[in-house]
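# Residue-level structure breakdown
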Amino acid sequence: RNLFESAPVGIILSTTSGNIIDVNKTLMKMHGYESVEEFAKTPISDRYCDPNDRKQWLNLVQEQGKVEGFEVQLKRKDGTGFWASFNTLPQSIESGVQGFINVFQDITESRQMKRELQEKNENLDARNEQLLRQQQDLIEKTEEVERTTRLKSEFLANMSHELRTPLNVIIGFSELLIDEVPGKINSEQKQSLTDILTSSRHLLDLISEVLDLSRIE
């Protein structure tokens, strides 16, 4: 009796026909009742949020002789619902009368935690999927940037060659003419060649600076 009354789970002793023989305090508190008599007067069907759950439970009892870990939503006296997991085992009640001992455990909080965990896992899966898409987009953009950078480098290398080569030729021949290697020139020709040489060197410096700045960018 002490074990029955102090158990942290709800316990119902019933006949095979469903008549209540005894109920412990935890079970009554779980359902919101004050006395065994009041609880016993409540029709069994009124304790189930879904009547089909009782039919399913009866089928399991008939097929297996017992039920373990059966989860069902039950009603309190005030009409609110809660989730319970209970086991049903055959039990000799009194004077050889066969019945059942039903052990209930309130799992409302654990189901809520499980549901929240499931939602968090679903959100995490969705977040991971989003991150994978973002990662794939980043890889594609990185490849595009690398391709663009490679094309830019090739362009700059070609531009450097195509622009500097003719300028170096102009500068070189201007210097030869100014030094009168091919032959004598007058002062006006020398001044014109000096202007060509100065402008060519200035242009070469500008091209070099532009190419260097492009590489830095």
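Below is a short write-up of the structure. Keep in mind it's a predicted model, so treat the numbers as computed, not measured.

Now for the overall build of the chain. The helix and strand tally for the chain stands at six helices and five strands. Ordered by position in the sequence, the α and β elements of the chain form the string α-β-β-α-α-α-β-β-β-α-α. Taking 2.2 N^0.38 as the reference for a compact globule, 217 residues should give roughly 17 Å; the C-alpha atoms of the chain span a radius of gyration of 47 Å, well beyond that estimate. If one aligns the C-alpha atoms of the chain with their principal axes, the spans along those axes are about 145 × 35 × 30 Å. Within the span of the chain, comprising 217 residues, buried residues form 26% of the whole. Taken as two groups, the 26 positive and 36 negative side-chain charges of the chain have centres that lie 7 Å from each other.

Turning our eyes to something else, we now look at the pattern of salt bridges. Following the criterion strictly, the structure yields nine salt bridges and no others. Of the charged contacts in the structure, one is a salt bridge between E71 and R111, with a shortest N-O distance of 2.8 Å. Of this pair, E71 sits in strand 3 (residues 67-75) while R111 sits in helix 5 (residues 108-178), and the two are 40 residues apart along the sequence.

The next thing to look at is the layout of surface pockets. The computed volume of the largest pocket comes to approximately 290 Å³. Lining the largest pocket are 22 residues, with I44, Y48, R54, W57 and N102 sitting closest to its centre. Of all the secondary-structure elements, those providing two or more residues to the lining of the largest pocket are strand 1 (10-15), helix 4 (51-64) and strand 5 (98-106). For the lining of the largest pocket, the leading source of residues is helix 4, giving five residues. Partitioned by chemical class, the residues of the lining of the largest pocket number 12 nonpolar, eight polar and two charged.

Our focus in this paragraph is the packing of aromatic side chains. All told, the structure shown has three aromatic pairs when counted by the stated rule. Ring centres of F86 and F104 lie 4.5 Å apart, and the angle between their planes is 25 degrees; on these two criteria the pair is classed as stacked. In this pair, F86 sits in strand 4 (residues 81-92) while F104 sits in strand 5, placing the two residues 18 residues apart along the sequence. Taking relative accessible area as the criterion, F104 reaches 7% and is therefore assigned buried. Aromatic ring contacts, followed pair by pair, group F70, F86 and F104 into a single cluster. Above the ring of F39, the side-chain terminus of R47 is found at 4.1 Å from the ring centroid. Seen from the ring of W83, R111 lies directly overhead, with NZ or CZ sitting 3.6 Å from the centre.

A cluster of nonpolar residues, V169, F173, L176 and V181, forms a patch on the protein surface that exposes about 370 Å² of accessible area. Examined against the element boundaries, L176 turns out to sit in helix 5.

With the exception of glycine, the majority of residues adopt a negative phi angle, and the majority of peptide bonds are in the trans configuration. Phi is positive for E180, which is not a glycine, with a value near 60 degrees. Among the secondary structure elements, E180 is positioned in the loop between helix 5 and helix 6 (187-216). Take E180: its relative accessible area is 24%, and that puts it in the partly exposed class.

What follows is about the sheet that holds strand 3. Judged by pairing direction, the sheet is antiparallel, and its five strands sit side by side in the order 2-1-5-4-3 without closing on themselves. The open sheet has two edge strands with one neighbour each: strand 2 (20-23) and strand 3. For this sheet, the mean inter-axis angle between neighbouring strands, taken without regard to orientation, is 30 degrees. Strand contacts of helix 4: strand 3, strand 4 and strand 5, with the helix running at about 160 degrees to strand 3, the strand carrying the most contacts.

Now for the environment of S14. Topologically, S14 is positioned in strand 1. Assessed through its relative accessible area of 6%, S14 is described here as buried. For the pair formed by S14 and Q91, sequence separation is 77 residues and the distance between their alpha carbons is 9.0 Å. Here the side chain of S14 touches N102 through a polar contact of 3.4 Å, side chain to side chain.

Rules and cut-offs
Residues numbered from 1 in each chain as written. Predicted model: local features only at pLDDT ≥ 70, side-chain atom pairs only at ≥ 80, totals over all residues. Heavy atoms only, no water. Helix = DSSP H or I, 4+ residues; strand = E, 2+ residues; numbered from the N terminus. Rg over C-alpha atoms; globule rule 2.2 N^0.38 Å. Buried < 20%, exposed > 50% of the residue type's maximum accessible area, 1.4 Å probe, protein only. Lys, Arg positive; Asp, Glu negative; His and termini not counted. Charge placed at Lys NZ, Arg CZ, Asp CG, Glu CD. Salt bridge = Lys/Arg side-chain N within 4 Å of Asp/Glu carboxyl O. 1 Å grid on protein atoms, 1.4 Å probe; cavity = no way out; pocket = protein on both sides within 12 Å on 5 of 7 lines; lining within 4 Å. Points joined across faces, edges and corners; volume = space filled by probe spheres on them. Nonpolar A, V, L, I, M, F, W, Y, C, P; charged D, E, K, R; others polar. Phe/Tyr/Trp six-rings, centres within 6.5 Å; stacked < 30°, edge-to-face > 60°. Lys NZ or Arg CZ within 6 Å of the ring centre and 35° of its normal. Patch = residues over 30% accessible without salt bridge, like charges linked within 9 Å, V, L, I, M, F, W, Y side chains within 5 Å. Areas by Shrake-Rupley, 256 points an atom, 1.4 Å probe, with all protein chains shown as cover. Pairing = 2+ DSSP bridges. Axes fitted to C-alpha atoms, helices over the stretch in contact; angles between N-to-C directions. Contact = heavy atoms within 4.5 Å. Polar contact = N/O pair within 3.5 Å; in protein donor to acceptor, adjacent residues only side chain to side chain.

Taken by themselves, the reported measurements are silent on function.
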